[in-house]
Amino acid sequence: MNERLLPAVTFIALLLGWELLVRLAHIPHYTLPAPSLVLKTLVDNFGSFVPSWWFTVKITFLSLALACIGGVLIAALFALSRRLEIALFPLAVVLQVTPVVAIAPLILIYVQSTTAALLLCTWIVAFFPILANTLVGLRSADPHLRDLFRLYRATPLQRLKLLLVPSALPYFIAGLKIAGGLSLIAAVTAEMVAGAAGKETGLASRIFEASFRTDTPKMFAGLALLAATGVLIFWAFNALSRRLLGRWHASQRD
Amino acid sequence: MPAALVCLDRVDKSFNNGVTALQGVSLTLAAHEFITLLGPSGCGKSTVLRLVAGLDAPSAGRVESPAAGGAGAADTAYVFQEPTLMPWASLFDNVWLPLRLAGMSRRDAAEPVRAVLHTVGLSDFESAYPGELSGGMKMRASIARALVTRPRLLLMDEPFAALDEITRQKLNPDLLDWWRAQQLAALFVTHSVFEAVFLSQRVLVMGPRPGRIVAELAIDAPYPRSAEFRVSSAYAQACRALSLALESAQAGSDVASR
């Protein structure tokens, strides 16, 4: 069978099995809704889901963008100064290893706006993989190419543009792929901790509400939307990686 | 004898870890001359090249060369053992690099880049990426990048050591052609006796720990040197003399290190 179709076939088979199980075993929908009911719930509640989905996506991508800027800038500073890295890298590790669920309540106290608090939580999770990978990437430039740039009297700007940025790019993209998935997780986690406060709320709040009312199909609908978003982010970054590294990097060769 | 292009006068080089890489190394390289440094690995051959290229400074002694003097980097080119191409750039862009760093636009560089790619036989591959080429082609591209600035001095650090014997036998006479056509001075590093004899006018034999020059041999055979030279008695004699010099250099250092 065509290998490209294999994941799709597996997925459809799983859904069909699930549908059949629910129907044949007469499982009540508040215990386990059939996929068809989840889809119907999703369509029926589209009006309330779309703004929530958009809010979550906004938090995810805004903080990811800020994480890219912050991660790359800090990595560049660390690459310039070994002492700065030695002084500050442990701090980045502390931020990274402390679970965001545990930090979120504190941040919610300090930061007035819920949206800003969510952004900050998500940023803390997303920036580390970008920082760590970009730093390794900036250091990974071929030492002989560095010699060559010295021999030909390259300016610092030329070295950055023609040597360091291209050398670091594959590493940055690897970090971006990890951070993309993580930032969605963090955006939802932080909102779960924050609770449904403020005017704008995301998918986490929809799932929470449904949970309070034991509206299981709606919980599944929210989850399905989240999963689909995660997969889309994964795909998008894989496509970006192929586009940027396609012809030259070993990771993209078959 | 034309004026010396490169001059090392009683040069020592020690590294921070206490290793003495070179001790009392003196050599001169005239314009248009082809000299080979021959020695076992770890005897400081590459260190000599790095000093001449101005990439390192000597601990003692004097180094005079176009690059070390700061007269202009374009006068000196360096070829490493690995092709050291930028994997993200096409061959054209790789060869363009030295001109680009000197501020030449892509359009202005097109003519010299294409000319040198033609010289090394890679005209059809200017838009290929390094990952798509064989080892020998990558090394040709690396030499093209070195030649594109029309340097006066070409430094080569075992450039053919990682290539198979057949590719190497093809590249050796090609290198001599390019050296003669561009009127370069070449300082070549190798651990192959045969390569040293085939290429050079003079061979300096280096011994290890600490790196120093222990013998010198002139190879008087005229250029162009063809495959016939490889089977001549002059070639065999030179190889024999160099092998002996190399052996005694190593034996001497083994005694010294005991």
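Residues numbered from 1 in each chain as written. Chains lettered and ligands numbered in written order. Predicted model: local features only at pLDDT ≥ 70, side-chain atom pairs only at ≥ 80, totals over all residues.

Re the overall build of chain B
Where we set the bar: For the purposes of this entry, the term helix denotes a DSSP run of H or I that reaches at least four residues, the term strand denotes a run of E that reaches at least two, and both are numbered from the N terminus. The exposure label follows from counting other C-beta atoms within 10 Å of a residue's C-beta, where the C-beta atoms are placed from the backbone and the thresholds are 20 or more for buried and 12 or fewer for exposed, leaving partly exposed in between. Residue pairs qualify as contacts under a 7 Å threshold applied to their C-beta atoms, which are placed from the backbone.
Scanning chain B for helices and strands turns up 8 helices and 9 strands. Dimensions of chain B, computed from C-alpha atoms along their principal axes, come out at roughly 60 × 45 × 35 Å. When each of the 258 residues of chain B is scored for burial, the buried share is 45%. For chain B, the proportion of contacts with a sequence separation of at least 24, taken over those separated by at least 6, is 72%.

Description of the packing of helix α2 (residues 91–101) of chain B against helix α3 (residues 106–119) of chain B
All names here are of chain B. Rules: Axis definition: a line fitted to C-alpha atoms, limited for helices to the stretch in contact. Angles are taken between N-to-C directions and run from 0 to 180 degrees. With the far helix as reference, a near helix turned anticlockwise by less than a right angle produces a left-handed crossing, and one turned clockwise produces a right-handed crossing.
Two numbers describe how α2 lies on α3: the axes approach to 9 Å, and their chain directions differ by 115°. Of the two elements, α2 crosses α3, and the hand of that crossing is right-handed. The residues of α3 that touch α2, namely those facing Leu-91, Phe-92, Val-95, Trp-96, Leu-99 and Arg-100, are Arg-106, Ala-109, Pro-112, Val-113, Val-116 and Leu-117.

With respect to the nonpolar core
Nonpolar side chains tend toward joint burial in soluble globular proteins. Test applied: When buried Ala, Val, Leu, Ile, Met, Phe, Trp, Tyr and Cys residues are joined through C-beta atoms within 7 Å, the set is termed a nonpolar core.
If you look at the biggest cluster of nonpolar residues, it comprises 140 residues, and the most contacted ones within it are Ala-126 of chain A together with Leu-38, Val-52, Val-95, Ala-144, Leu-155 and Leu-242 of chain B. Of all the elements, helix α8 (residues 156–194) of chain A adds the most residues to this core, at 17 residues. Contact partners of Ala-144 of chain B, with chain neighbours within four places excluded, come to Val-95, Val-116, Leu-117, Val-120 and Leu-122 of chain B.

Here's the deal with the domain arrangement of chain A
For clarity, the cut-off: Segmentation into domains, and thus their bounds, comes from an automatic or database assignment.
Entries for chain A in the domain assignment read domain 1 (1–32) and domain 2 (37–252). With centres defined by C-alpha atoms, the gap from domain 1 of chain A to domain 2 of chain A works out at 31 Å.

Some points on the interface of chain A and chain B
Our working rule: Throughout, the ten residues Ala, Val, Leu, Ile, Met, Phe, Trp, Tyr, Cys and Pro are labelled nonpolar, Asp, Glu, Lys and Arg are labelled charged, and all others, Gly among them, are labelled polar.
In this complex, chain A contributes 14 residues to the contact, which on the side of chain B involves 17 residues. Mapped onto the side of chain A that touches chain B, the elements with two or more residues apiece are α7 (143–151) and α8 of chain A. Of the residues forming the side of chain A that touches chain B, the biggest block, 6 residues, is contributed by α7 of chain A. Across the side of chain A that touches chain B, the residue classes tally to 7 nonpolar, 2 polar and 5 charged.

Thoughts on the pairing of strand β7 (residues 185–190) of chain B
All names here are of chain B. Quick note on the threshold: A pair of strands is labelled paired if DSSP reports no fewer than 2 bridges between them. Here, the term right-handed applies to a crossover whose path from the first strand over the helix to the second runs clockwise when the strands point away from the viewer.
In terms of residue burial, β7 counts as a mostly covered element, since 6 of its 6 residues are buried. A two-sided burial pattern is seen for β7, the buried positions comprising Ala-185, Leu-187 and Val-189 on one face and Ala-186, Phe-188 and Thr-190 on the other. Sheet topology note: the strand β3 (residues 34–38)/β7 ladder contains 5 bridges and is parallel. Its bridge partner lying in β7, Thr-36 is registered against Phe-188. Note: strand β6 (residues 153–157) against β7, 5 bridges, orientation parallel. In the sheet register, Leu-154 faces β7, and the bridge partner there is Ala-186. Each parallel crossover has a hand, and for β6 linked through helix α5 (residues 165–181) to β7 it is right-handed.

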